[in-house]
Amino acid sequence: MSNEVVLDLHGSTSIAHDVHHGHDAHHEHHETFISKYVFSMDHKMIAKQFLITGMFWAVMGGLMSVLFRLQLGYPDSTFPWLEDILGKWAKGGHISAEAYYALVTTHGTVLVFFVLTAGLSGTFANFLIPLQVGARDMASPMMNMLSFWFFFLAGIVMLSSIFVETGPFSGGWTAYPPLSALGSASPGSKTGMDLWIVSMALFVVSSLLGGLNYIATVLNMRTKGMSMTRLPLTIWALFFTAVLGVLSFPVLFSGFILLIFDRNFGTSFYLSDIFVNGVGALPNEGGSAILYQHLFWFLGHPEVYIILLPAMGMVSEILSTNARKPIFGYMAMIGSMFAIAILAFLVWAHHMFVTGLNPFLGSIFVLLTLLIAVPSAIKVFNWLTTLWRGNIRFTPAMMFAIGFVSLFISGGLTGIWLGNSALDIHLHDTYFVIAHFHIVMGVASMFGMFAGIYHWFPKMYGRYLNNTLGYVHFWITITGAYLIFWPMHYEGLAGMPRRYYDYSIWESFKQFSDLNRFISTVAMIVFATQLLFLANFFYSIFKGRKLTTKNPWDSTTLEWTTPIKPGHGNWPGEIPEVYRWAYDYGKDGRDFISQTTPVGADESVH
Amino acid sequence: MQHEGQVRLHPQKFVLWVAMGSIVMMFAGLTSAYIVKKSQANWLEFALPTVFWFSTITILFSSLTVHLALKAFKAREMKQYRLLITVTAALGLLFMALQIMGFSNLELRNIPLFGPKSNSATSFLGVITILHMAHVLGGVIAILIVFLRAYNSKVKNYSSVGIEIISTYWHFVDILWIYLFIFFNWLR
C-alpha cells in the first residue's frame, strides 16, 4: 500500500493534509529562495544543510586539533602568527595551557556531536531514508526542518562560546563535574560552560526531533512491497541509530538538568566536600560526581554506535554495489546490528572501571563489553566475504568503504584490550585509549561518511566528484590516519597520559618528543588533504562532470529510479512498487536487477 | 509486508508513541539516579506534602474528562466537547498550581528544594516534579492549539487525529505522575 492510501484511510481533511505532502510534478508549487534553500522542508535539501554545516564544524574541529598538535609536537617553539589569530590565548606565539584545554574540549564535543552525529546520520538519514524506502518525504517534514535549525542554533551557541572573554569550556568533552558544575573551578567553567550546556541541550532537542522522524518514516512510510527484510542495510543501520538516539539522549538530558541545577541553583547532586582555592570550602554536601558519569556514559556509549552504525550501513551498501555481489549474510547483518544496539545500553560502565566501581560489577561489564566482539566480528567477516571473488570496481567510494573495514578491524582489536578491567588499570586515560577510539570510531566513521559522500554525490547534485582528487584524498588520508594513531598505541602502553599540556617536562615521556613531532606533522598534512576534498566537493557542485544516466553505479535500490535531479516528492508519478530485496547483483547471469523489477517466472528464487 | 486494507497507525500518532518512549527514558534516568543517590550517605527522609494527594486526584479526573472529550468529538457533540476539553486544560493548570503549593508547603516546613541548604533528596523531588509539570504544560498548550484551530478553521474539521494524539499524551502524563507519586511515596 502506498503512503497515499494509508493517509486516505484516515480520511481526514486538515490534519492529514499536513502529512499529505505528495507534491507530484504536475502541481509543483512555487518556491522562493527562502523556502527552497533556507527553511526548506524537502528532506534532500535538509540533508545537504546538515552535510555542509557538518563540514564547517569538521574544519573547525580539525583546525583545533592542528593547533593543539602544534603544542604537543613543538612544545618549545613559538609561532608568532598564533598570537595574531588567538590573541591572549597564545601570548608570545605559545598556546596557553587554558587555551590548550579549551581546544581539546571543543575539538571533542564538535567532532563527536556536530560532525559525526549531526553531520553523518543527520545527512544520510535525511537523504537516504525517504529515497530508499520509497516515500515522498519524512513522516513530519516540519519536525525535520526544526531538527536542522535546532542543530544550527546549537552550533551558533557553541561558536559564540569561543569568543567569550573567559574562553570556551575546558574541562573535557565529557563535562565531568566538578569542573563543569563550579564556575569558580576554571576560567572555562564560567560563561563558556553555560554556553556549552545550552548548546548541547539544543543539540539533544535536534537529535530527538530527527530520530523520531527517522523511526516513524522507516516503519510507516515504506512503499508497496517494501517489507522490512527488503530494506537496504543503510536503512536498517539508520533505523537502529535513531532508536539508540531516541532512547539514550533523554538520559543525557536528565544528567544535564541535574548539572544545571548544581551550577545555578545551589543543589548538591554531583558536589560534595569541595575546597576551591581563593573561594574557600563550599557548602555542598552529599553529592556524587560518579552519578554524572553514569548518566553521561549511559548516552556516551550508545553514542559511539550512533556514530558508527550509519557508517556500517553505508559501507555494506557500497561494498555490495561495487563488488557486484549480493551482501553476504543479509539477515546476519541485521541481527548483528540489533545485537550491537542492545549491547550498547549494557556496557556504559566500562568507561568507569577505575572510578572505584565494584570489581564484581566491573567483571560483568567486561563480559558484556567483550560480547560486542561477536556481532562486530560477524559484520567484518560478512564484509570480507562480500568482497571475496567479487568483480570489484575501485571507485573512490569503494576505496573509502574498504578503508573503513580496515580501520574497523585495527581499532576493534584494541577494544578487546581496553574492555578488560584489569588491563584498563594501566591503559585508562592514556594515549592508547585515544588511538583506539580515534581509529575505530572517529576515523572509521569519517571514512564511512566519505564513502557515502562519494557514492551519493551524483544523486545529491546531479554531477560526479573528481575521481583523481578522490584517490589522492583516500591514499593520503588512510596512510596519514595510521601514521598518526598507530604510534599512539606505543605511547599509551608506555603510560603516557592523555590531556597533558606539555610532555617534555616529564623524564619518562621525553623519549617521545620526536614521535610527537612526527604525529603533528602528519596531522597537518592530513588536515590539508581534507581541504582538498572540500575544494573538490564545492567545485563539483557547480562544475563537476554531469550525470547522463539515472543510475550511474548500476545499483538496485530505489533512489536511483528517481530523475537525475528529483524535485520535492522524489518521483514525478507514482511511487514505484518493490518486488525483491536490495541485493540482486550477479543473479542468473544478470549484472544487477533493480528492486522495482518483478520477479520473473524463469528466475531462481532467492 | 503490507497488504491492502491493513490499517496502519497514523504516522503522527506513531511519532507520539516513540516520543513517549523517549520521555520515559528521561524519567527512568532521573529515577534511577535517585535510587543510586539514595543508597549513599546524607539522604534526608521527609514526608511528602499532603496536597500531592489532591493533585493526583486532579490529574486522574482530568484523564477522565479528556477521554469523554474525545468521545464527544467522535459523536460530533461539539458543545460538550468544547466544555470537556476546557475543563481538562483547567484541571491541568490546577494540577500545576497544587504541585507548586506542595513546594511552598515544604519550604514552610524548612525543607528547601534548592539552594545551598538543600538536600539532594528534596532537590530530586523538585527537579523531577518540575520536569513533569513542564510536560503537563505542554499538554495544556497542545489543547489550546487544537481548541483555537477548531474555532478558526474555515473548513469543517472531522479529523479526530489531533484530539486523539492529545488524549493519548494526556493519559501518558497522568500515568507518568502516578508512577512518580508511587515512587516518591513508597519506593523510598
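Residues numbered from 1 in each chain as written. Chains lettered and ligands numbered in written order. Predicted model: local features only at pLDDT ≥ 70, side-chain atom pairs only at ≥ 80, totals over all residues.

Colleague: Could you clarify how one ought to interpret the overall build of chain B in this entry?
Modeller: Summing up its helical and strand segments, chain B has 5 helices and 0 strands in all. Principal-axis analysis of the C-alpha atoms gives chain B an extent of 60 × 40 × 25 Å. Look at the contacts in chain B between residues 6 or more apart in sequence, and 77% of them connect residues 24 or more apart. (Helix = DSSP H or I, 4+ residues; strand = E, 2+ residues; numbered from the N terminus. Contact = placed C-beta atoms within 7 Å.)

Colleague: So what exactly am I meant to see when it comes to the overall build of chain A here?
Modeller: The number of helices and strands found in chain A is 18 helices and 4 strands. Taken over the C-alpha trace, chain A has a radius of gyration of 25 Å; the compact-globule value for 606 residues is 25 Å, and the two agree within 12%. Relative to its 606 residues, chain A shows a buried fraction of 55%. (Rg over C-alpha atoms; globule rule 2.2 N^0.38 Å. Buried ≥ 20, exposed ≤ 12 C-beta atoms within 10 Å, placed from the backbone.)

Colleague: Teacher, can you tell me more about the packing of helix 8 (residues 191–220) of chain A against helix 9 (residues 233–264) of chain A here?
Modeller: Each pair of packed helices gets described by two things: the angle between the helix axes and the distance between those axes. Residues and elements named next belong to chain A. Their axes nearest at 8 Å, the elements helix 8 and helix 9 cross at an angle of 150°. In terms of orientation, helix 8 lies roughly antiparallel with respect to helix 9. Helix 8 and helix 9 meet at a crossing whose hand is left-handed. (Axes fitted to C-alpha atoms, helices over the stretch in contact; angles between N-to-C directions. Parallel < 35°, antiparallel > 145°, perpendicular 65-115°, else oblique. Left-handed = near helix turned anticlockwise from the far one by under 90°.)

Colleague: What exactly am I supposed to notice about the confidence of the model for chain B here?
Modeller: In regions of low pLDDT, the predicted coordinates are not meant to be interpreted in detail. Residue and element names in this part refer to chain B. Counting all residues, the mean pLDDT for chain B is 87, and 91% of those residues have values of 70 or more. Element-level mean pLDDT values for chain B span from 89 in helix 4 (residues 120–152) up to 94 in helix 2 (residues 51–74). Counting interchain partners and residues more than four positions distant, the pLDDT-below-50 stretch residues 1–6 has 3 contacts. Predicted complex metrics record ipTM = 0.90 and pTM = 0.91. (pLDDT = per-residue confidence, 0-100.)

Colleague: I keep staring at the packing of helix 10 (residues 289–323) of chain A against helix 16 (residues 431–461) of chain A and nothing clicks. Help me out?
Modeller: Residue and element names in this part refer to chain A. Contact geometry of helix 10 with helix 16 gives a least axis separation of 8 Å together with a crossing angle of 40°. By the angle between their axes, helix 10 is oblique relative to helix 16. Crossing handedness for the pair helix 10 and helix 16: left-handed. Of the residues in helix 16, those touching helix 10 at Val304, Ile307, Leu308, Pro310, Ala311, Met312, Met314, Val315 and Ile318 are Met441, Ala444, Ser445, Gly448, Met449, Ala451, Gly452 and His455. Residues that form the contact of helix 10 with helix 16 fall into these classes: 13 nonpolar, 4 polar and no charged. (Nonpolar A, V, L, I, M, F, W, Y, C, P; charged D, E, K, R; others polar.)

Colleague: Looking at this structure, I do not really get helix 16 of chain A. What am I missing?
Modeller: Because each turn of an α-helix spans 3.6 residues, side chains separated by three or four positions end up pointing in the same direction. The largest bend in helix 16 of chain A is about 45°, located at A:His455, with the proline A:Pro458 one to four residues further on. The element helix 16 of chain A is extensively covered by neighbouring structure, given that 28 of its 31 residues are classed as buried. (Bend = angle between axes of the 7 residues up to and from the residue.)

Colleague: Would you explain the nonpolar core in this entry?
Modeller: When a protein is soluble and globular, its nonpolar side chains tend to lie buried together. All names here are of chain A. Counting 209 residues, the largest nonpolar core has Val315, Phe404, Ala444 and Ala451 as its most contacted members. By residue number, the principal contributor to this core is helix 9, which donates 21 residues. Those residues in contact with Ala451, other than ones at most four positions away along the chain, are Met314, Val315, Ile318, Ala397, Phe400, Ala401 and Phe404. (Core = buried A, V, L, I, M, F, W, Y, C linked by C-beta atoms within 7 Å.)

Colleague: Any chance you could explain the environment of A:Ala289 here in plain terms?
Modeller: Within the secondary structure, A:Ala289 is located in helix 10. Beyond its immediate chain neighbours, meaning those up to four positions away, A:Ala289 contacts A:Tyr176, A:Pro177, A:Pro178 and A:Tyr270.

Colleague: Can you walk me through the environment of A:Leu153 in this structure?
Modeller: Residue and element names in this part refer to chain A. You can see Leu153 is positioned in helix 7 (residues 141–161). Residue classification places Leu153 among the partly exposed positions, given that 16 C-beta atoms sit within 10 Å. The spatial distance from the C-alpha of Leu153 to the C-alpha of Leu202 is 7.2 Å, given a sequence separation of 49 residues.

Colleague: Would you mind going over unusual backbone geometry with me for this structure?
Modeller: Most peptide bonds take the trans configuration, and most residues that are not glycine carry a negative phi. Residues and elements named next belong to chain A. With an omega of 5°, the peptide bond running from Pro177 to Pro178 counts as cis. Although it is not a glycine, Ala175 sits at a positive phi angle of roughly 50°. Examined against the element boundaries, Ala175 turns out to sit in the loop between helix 7 and helix 8. Judged by C-beta crowding, with 23 C-beta atoms within 10 Å, Ala175 ranks as buried. The phi dihedral of Asp429 falls on the positive side, at around 60°, and the residue is not glycine. Tracing the backbone through its elements, the reader meets Asp429 in the loop between helix 15 (421–427) and helix 16. Classification of Asp429 as partly exposed rests on a count of 13 C-beta atoms within 10 Å.

Colleague: Just to check I follow, could you spell out the environment of A:Trp571 for this structure?
Modeller: Residue and element names in this part refer to chain A. Position of Trp571 relative to the elements: it lies in the loop between helix 18 (513–543) and strand 3 (585–587). Once the C-alpha coordinates of Trp571 and Ala135 are considered, the two residues, 436 residues apart in sequence, prove to be 8.9 Å apart. Each residue touching Trp571, except ones within four places of it in the same chain, is listed here: Thr562 and Pro576.

Colleague: Where do I start with helix 7 of chain A in this structure?
Modeller: All names here are of chain A. Its 21 residues give helix 7 an end-to-end C-alpha distance of 31 Å, which sits within 8% of 30 Å, the value for a rise of 1.5 Å per residue. Within helix 7, burial applies to Pro141, Asn144, Met145, Ser147, Phe148, Phe150, Phe151, Ala154, Gly155, Met158 and Ser161. The elements touched by buried residues of helix 7 are helix 4 (43–73), helix 6 (97–133) and helix 8. (Expected span 1.5 Å × (residues − 1).)

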